[in-house]
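Residues per chain, in single letters:
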Amino acid sequence: MVLGLSGGVDSSVAALLIHRAIGDHLIPIFVDNGCMRFQEARRVQEAFSAVPDINIRSVDASELFLTRLAGIEDPEKKRRIIGHTFIEVFEREAAKYPGVAFLAQGTLYPDVIESVSFRGPSATIKSHHNVGGLPDKMGLKLIEPFRELFKDEVRAVGRELGLPETLISRHPFPGPGLAVRIIGAVDAARVSCLQAIDEIFISELRSWNLYDCTWQAFAVLLPIRSVGVMGDERTYENVCALRAVNSVDGMTADWTEFSPAFLKHVSSRIINEVRGVNRVVYDISSKPPATIEWE
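Everything numeric here is computed off the predicted structure, so don't read it as measured data. (Residues numbered from 1 in each chain as written. Predicted model: local features only at pLDDT ≥ 70, side-chain atom pairs only at ≥ 80, totals over all residues. Heavy atoms only, no water.)

Section: the packing of aromatic side chains
Stage number 1. On inspection of all chains with the given rule, the structure shows eight aromatic pairs.
Stage number 2. Between Tyr-109 and Phe-150, the aromatic rings sit 5.4 Å apart at their centres with planes inclined by 75°, giving edge-to-face as the arrangement. Taken together, the residues span a long stretch of sequence, with Tyr-109 in helix α5 (residues 109-115) and Phe-150 in the loop between β5 (141-143) and α6 (151-161) at a distance of 41 residues.
Stage number 3. Grouping aromatic residues by their ring pairs yields a cluster made of Phe-201, Trp-208, Trp-255, Phe-258, Phe-262 and Tyr-282.
Stage number 4. Taking NZ or CZ as reference, Arg-37 lies 4.0 Å from the ring centre of Phe-173, over its face.
Stage number 5. Here the guanidinium or amino end of Arg-206 rests over the ring plane of Tyr-211, the centre of that ring lying 3.8 Å away. (Phe/Tyr/Trp six-rings, centres within 6.5 Å; stacked < 30°, edge-to-face > 60°. Helix = DSSP H or I, 4+ residues; strand = E, 2+ residues; numbered from the N terminus. Lys NZ or Arg CZ within 6 Å of the ring centre and 35° of its normal.)

Below, the structure written as structure tokens:
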């Protein structure tokens with residue numbers, strides 16, 4: 001059985017749970033889709049080094065993903081492209097191991113609710129790449145142990161299994177990664193820009209001891225530019241939005257009220273250190289009516 005690792009707590013707990021059940025028959029594969037957080041592959045490997053006997057294989061498929069995402073602006077198309085390409089990569093990797101017939105994912109109940117009708121009529125809010133974004137025909141059969149669980153329930157399972165808190169307490173991260181945090185078309189330059197912004201935001205949350213005071217925090221790169229001034233020169237550069245929310249299960253959420261001093265500090269660092277950004281805004285929308293992610 002192969003298991004797709006995204007770096008999130010869901011796939012991490014799924015990896016440990018399934019490994020407890022089938023041992024070395026589990027093949028955990030981390031696929032870098034070119035839209036991950038800064039140094040995500042290395043950090044996932046380091047985090048799992050504390051878990052005995054789980055040997056993660058890393059696959060760099062960033063060029064393939066970014067090529068297929070080139071020029072695509074519609075978020076539903078992005079999710080379908082990423083979902084289909086993930087399956088293609090996993091099936092290709094699975095073919096290297098004799099007898100592999102199953103693909104395990106850390107799909108959660110909110111992913112299902114927002115993607116497809118499940119136990120009654122519901123509207124499609126957005127097609128999560130691991131649900132509505134999957135191809136109709138797959139060579140591997142899906143195993144989803146958490147398909148009817150919420151995030152807080154999965155974290156409880158992780159603690160029961162003894163997963164390191166560094167993995168359990170990580171903020172949620174969408175499977176499509178930064179591709180759905182870049183509004184509009186995705187390319188390597190915009191991914192690099194957003195990685196730098198996000199890294200400053202998250203590192204400062206940790207420095208100010210605020211990381212565990214919010215359920216999820218991230219940055220969004222907007223498809224607009226604004227006029228600014230740096231030194232005596234006019235600039236016309238990118239705008240980014242910072243987003244942080246508190247929630248229990250991800251179905252409802254309220255924005256996190258950080259101090260003006262913290263937001264001022266983060267904004268100053270981003271504008272001064274990230275080339276091509278001259279304006280930072282803070283998202284104060286709750287879910288509903290907004291969703292947590294922008295796409």
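So, the pattern of salt bridges
Think of it this way: side chains of opposite charge can pair up when their charged atoms draw near.
Stage number 1. All told, the structure shown has 15 salt bridges when counted by the stated rule.
Stage number 2. With a shortest N-O distance of 3.8 Å, Arg-92 and Glu-93 are connected by a salt bridge.
Stage number 3. Among the residues examined, Arg-92 registers a relative accessible area of 40% and is labelled partly exposed.
Stage number 4. For Glu-93, a relative accessible area of 8% translates into the label buried.
Stage number 5. A salt bridge links Lys-96 to Glu-93; the shortest N-O distance between them is 3.1 Å.
Stage number 6. The exposure class of Lys-96 is exposed, given its relative accessible area of 55%.
Stage number 7. Bridged by salt links that share partners, the residues Arg-37, Glu-40 and Arg-170 form one connected network. (Salt bridge = Lys/Arg side-chain N within 4 Å of Asp/Glu carboxyl O. Buried < 20%, exposed > 50% of the residue type's maximum accessible area, 1.4 Å probe, protein only.)

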